[in-house]
Amino acid sequence: MSRQIETDISAYHVEILSALKEIGNPSLAKHMPEDRRSLLMYCGVRVPDRRRRVNAGFSFTGKSDGKVLEIWDQLWRNSDNGDVMFCALDHYRDRVRKSVDANWWPVMRNWIHRVENWAHADELSSIYCRFFAADIAALLPQIRAWIETDELWIRRVGLVSSIRYTGKNSVFLDEATAFDLLRPALGDDRYYIQKALGWVLRELRKAYPQKTVDYLLTHSADIGSIAFSRAIEHMSKEDIRKMRQSRTQALNKSG
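Described below are features of the structure shown in this document. (Residues numbered from 1 in each chain as written. Predicted model: local features only at pLDDT ≥ 70, side-chain atom pairs only at ≥ 80, totals over all residues. Heavy atoms only, no water.)

Here we look at the overall build of the protein chain
Link 1 in the chain: What the protein chain contains, in helices and strands, is 14 helices and zero strands.
Link 2 in the chain: Ordered by position from the N terminus, the helices and strands of the protein chain form the series α-α-α-α-α-α-α-α-α-α-α-α-α-α.
Link 3 in the chain: For a compact globule of 255 residues, the expected C-alpha radius of gyration is about 18 Å, and the protein chain comes in at 20 Å, within 12% of that figure.
Link 4 in the chain: Counting across all 255 residues of the protein chain, residues that qualify as buried make up 49%.
Link 5 in the chain: Within the protein chain, counting contacts between residues at least 6 apart in sequence, those at least 24 apart form 69% of the total.
Link 6 in the chain: Just so you have it, the protein chain exposes about 12600 Å², and 49% of that area is on carbon and sulfur atoms.
Link 7 in the chain: Of note, the protein chain has its 39 positive side-chain charges centred 4 Å away from the centre of its 33 negative side-chain charges. (Helix = DSSP H or I, 4+ residues; strand = E, 2+ residues; numbered from the N terminus. Rg over C-alpha atoms; globule rule 2.2 N^0.38 Å. Buried < 20%, exposed > 50% of the residue type's maximum accessible area, 1.4 Å probe, protein only. Contact = heavy atoms within 4.5 Å. Areas by Shrake-Rupley, 256 points an atom, 1.4 Å probe, with all protein chains shown as cover. Lys, Arg positive; Asp, Glu negative; His and termini not counted. Charge placed at Lys NZ, Arg CZ, Asp CG, Glu CD.)

Thoughts on the side chain of Arg247
Link 1 in the chain: When you line up the elements, Arg247 lands in helix H14 (residues 237-254).
Link 2 in the chain: Although Arg247 lies buried, it forms no salt bridge, and the closest oppositely charged side chain, Asp222, sits 9.2 Å away as judged by the N-O distance.
Link 3 in the chain: Excluding its chain neighbours within four sequence positions, the residues that come into contact with Arg247 are Ser220, Ile223, Gly224, Ser225 and Phe228. (Salt bridge = Lys/Arg side-chain N within 4 Å of Asp/Glu carboxyl O.)

Quick word on the nonpolar core
Link 1 in the chain: Ranked by internal contacts, the top residues of the largest apolar core, which has 83 residues, are Trp72, Trp111, Leu201 and Leu204.
Link 2 in the chain: Sequence-distant contacts of Leu201, defined by excluding residues within four places in its chain, comprise Phe179, Leu182, Thr212, Tyr215, Leu216, Ile223 and Ala231. (Core = buried A, V, L, I, M, F, W, Y, C linked by side-chain atoms within 4.5 Å.)

Some details on the packing of aromatic side chains
Link 1 in the chain: If you walk through the whole model with that rule in mind, you get 17 aromatic pairs.
Link 2 in the chain: Seen in terms of ring centroids, Trp105 and Tyr128 are 5.3 Å apart; in terms of plane orientation they differ by 75°. Their pairing is edge-to-face. On the criterion of sequence distance, the pair formed by Trp105 in helix H6 (residues 105-108) and Tyr128 in helix H7 (residues 118-134) is long-range, its members being 23 residues apart.
Link 3 in the chain: According to the relative accessible area criterion, Tyr128 is buried, its value standing at 0%.
Link 4 in the chain: Both rings, one in Phe132 and one in Trp146, keep their centres 5.9 Å apart while their planes meet at 75°; by these two values the pair is edge-to-face. Linking Phe132 in helix H7 with Trp146 in helix H8 (residues 136-148), this pair joins segments that are 14 residues apart in sequence. Of the two residues, Phe132 and Trp146, neither departs from the other in class, the shared state being buried. (Phe/Tyr/Trp six-rings, centres within 6.5 Å; stacked < 30°, edge-to-face > 60°.)

Topic: the state of the cysteines
Link 1 in the chain: Under the counting rule described, the total for this entry stands at zero disulfides.
Link 2 in the chain: With no disulfide partner, Cys43 has as its closest neighbouring cysteine sulfur the one in Cys87, 8.3 Å distant.
Link 3 in the chain: With relative accessibility at 7%, the residue Cys43 sits in the buried group.
Link 4 in the chain: By relative accessible area, which is 0% here, Cys87 ends up buried. (Disulfide = S-S within 2.5 Å.)

Examining the packing of helix H4 (residues 65-78) against helix H5 (residues 82-98)
Link 1 in the chain: Viewed as axis vectors pointing N to C, H4 and H5 meet at an angle of 150°, and their least axial separation amounts to 8 Å. Between H4 and H5, the angle falls in the class roughly antiparallel. Crossing geometry of H4 relative to H5 is assigned as left-handed. Across the interface between the two elements, Val68, Leu69, Trp72, Leu75 and Trp76 of H4 pack against Val84, Met85, Cys87, Ala88, Leu89, His91 and Tyr92 of H5.
Link 2 in the chain: Broken down by class, the residue content of the contact of H4 with H5 amounts to eleven nonpolar, one polar and no charged. (Axes fitted to C-alpha atoms, helices over the stretch in contact; angles between N-to-C directions. Parallel < 35°, antiparallel > 145°, perpendicular 65-115°, else oblique. Left-handed = near helix turned anticlockwise from the far one by under 90°. Nonpolar A, V, L, I, M, F, W, Y, C, P; charged D, E, K, R; others polar.)

Shown next, in the form of structure tokens:
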């Protein structure tokens, strides 16, 4: 990176940080690192306020798409402020819902390596899932590799990115692929993986209800209690009772 570009990025960082501090809450800023288990600093900006500010634009957002991506990439990779990083995600969040630009992927695919908390992980996943849904044939090896790694946040992003969003159209993977991708995470008892696994299974139930129930029963001794509980959310009370009973029996047999 040239000295001039470094100077420009530094100025843009100051610009964004100043804008965020104007609408931020210092007491909330102190709470955010603890809530997100994050080592970054925050301005304490609430999500709707932050997104409105990003939509209003900054001095560089009128530049070419390539230049804007270069700037956000530098800010994402180098800022020590979590809210500045969120601004990069906010800028692309609605854009990828409308249209996925394949030129963004070679740059943005590397953003995963900066993730160190669940909030950034899930927001980045909401962007990545759009790339995967648009060209799953080409990008399936990438999502599979992320889920197969033992690195906490990379695995979580891989899992959450396999679902487009919450709702009846959230699932874009075919049945066999969707469930096969979950295999490496089954025995992972880390809290943030358990929460992600349970959420994915709950969403898969909307597209593949019987297959998901069968999967839960087959792997009930392998899936942790946190993931299992989340996966059976919104079932009837009687079905939940039966699912929990079957899991207890499976655990007793395996023990």
